[in-house]
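# Breakdown of the fold
Each chain is listed here by its residues.
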Amino acid sequence: MNKKIIVIEGYLASGKSTFALQLSKALNVPYLIKDTFKIALCKNISVGSRIESSIFSTVTFDGMMYVTERILETNNPIIIEGNFVPAGVKKIDEASTIKHLIAKYNYISLDFKFMGNTQILHQRFLKREETVERGEVNKIGMDVPFGTFNQWCRNLDNFDIGGETIQVDTTNFSNVNFNTYIKLAKKFMDKQNT
């Protein structure tokens, strides 16, 4: 029994998904990544507009929480990743939903909050939008001005699920020692549940 959940959240284009994959391999713990989950859900569906994409984002979160809860029921660890939002940003308070599941199943959480200089992340975001890996369903479909992007990121600042939070500044990837964060996650996973 290892009732641990690692949440990787924060700013757009900050490297959350890449870290989730690395961490999953290092810990041998299953992961759910919001963007790739959405791609899987929409594999056989044509998403024709930004509004439809937003609707599927909500569906994606609900689907992720369904799968997350099934894993929590088995008392096994899980990693979930996404630009999860706190109260007041969307119709659904994703932070409270995650926090509720953690409490319901008496789990311990570790939150990696990915942040950085939003001007640099904005440039990274624009380049990422052009890649095939992004998936059509996740593409914004317009040039997002810096002010809008910055606000999207700042909307995520108040995400809080309780438990320990580790901030990761990914403004410059070469300055980030991801092995240090993987070691912290391993230490967290090795802690006894109380």
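Before reading on, note that the structure itself is shown above.
Calculation rules
- Residues numbered from 1 in each chain as written.
- Predicted model: local features only at pLDDT ≥ 70, side-chain atom pairs only at ≥ 80, totals over all residues.
- Heavy atoms only, no water.
- Buried < 20%, exposed > 50% of the residue type's maximum accessible area, 1.4 Å probe, protein only.
- Helix = DSSP H or I, 4+ residues; strand = E, 2+ residues; numbered from the N terminus.
- Pairing = 2+ DSSP bridges.
- Core = buried A, V, L, I, M, F, W, Y, C linked by side-chain atoms within 4.5 Å.
- Contact = heavy atoms within 4.5 Å.
- Salt bridge = Lys/Arg side-chain N within 4 Å of Asp/Glu carboxyl O.
- Axes fitted to C-alpha atoms, helices over the stretch in contact; angles between N-to-C directions.
- Parallel < 35°, antiparallel > 145°, perpendicular 65-115°, else oblique.
- Left-handed = near helix turned anticlockwise from the far one by under 90°.
- Polar contact = N/O pair within 3.5 Å; in protein donor to acceptor, adjacent residues only side chain to side chain.

Here we take up the pairing of strand β1 (residues 4–10). Of all seven residues in β1, seven are buried, a share of seventy percent or more. With four bridges connecting them, β1 and strand β3 (residues 78–81) associate as parallel partners. Counterpart to Ile5 in the pairing with β3 is Ile78.

Once that is clear, we can look at the nonpolar core. In this structure, Ile6, Ile8, Phe19, Leu23, Leu27, Ile79 and Phe112 are the most contacted members of the largest nonpolar core, which totals 21 residues. Counting residues per element, the ones that place at least two in this core are β1, α1 (16–27), β4 (108–115), β5 (164–169) and α7 (178–190). The biggest single contributor to this core is α7, with six residues. The contact partners of Leu23, leaving out residues within four places of it in the chain, are Ile6, Ile8, Ile79, Phe112, Ile182 and Ala185. Counting residues in each nonpolar core, the second largest holds 20 residues, with Phe37, Met64, Ile102 and Tyr107 among its members.

Opposite charge on two side chains lets them pair, provided their charged atoms get close. Summed over all chains, the structure comprises six salt bridges. Between Lys34 and Glu94 there is a salt bridge; the shortest N-O distance is 3.3 Å. Taken as a pair, Lys34 in helix α2 (residues 34–41) and Glu94 in helix α4 (residues 94–104) lie far apart in primary sequence, 60 residues in all. Judged by relative accessible area, which is 1%, Glu94 ranks as buried. In this structure, a network of salt bridges that share partners links the residues Glu69, Arg70, Glu73 and Lys104.

Turning next to the packing of α1 against α7. Between two packed helices, both the angle of their axes relative to each other and the distance between the axes serve to describe the pair. In the contact formed by α1 and α7, the axes pass within 10 Å of each other and the chain directions differ by 50°. Our classification of the angle between α1 and α7 gives oblique. Taken as a pair, α1 and α7 cross one another with a handedness that is right-handed. Residues Phe19, Gln22, Leu23, Ala26 and Leu27 of α1 form the contact with α7, whose participating residues are Phe178, Tyr181, Ile182, Ala185, Lys186 and Met189.

Strand pairing in a sheet relies on backbone hydrogen bonds. The paired strands run either parallel or antiparallel. Read from one edge to the other, the open sheet built from five strands follows the order β2-β3-β1-β4-β5, with strand pairing classed as parallel. Both edges of this open sheet fall to β2 (31–33) and β5, since each of them pairs with a single strand only. When the angles between neighbouring strand axes are averaged without regard to direction, this sheet yields 15°. Across seven bridges, β1 lies against β4 in parallel orientation. Opposite Ile5, over in β4, you have Ser109 as the bridge partner.

Here the focus is the side chain of Thr68. You can see Thr68 is positioned in helix α3 (residues 50–73). On the basis of relative accessible area, Thr68 is assigned to the buried category, the value being 1%. For Thr68, the side chain forms a polar contact with the main-chain oxygen of Met64, separated by 2.8 Å. Apart from the residues lying within four places of it in its own chain, the contact partners of Thr68 are Ile5, Leu32, Ile78, Ile80 and Leu101.

Coordinates in, geometry out; function isn't part of it.
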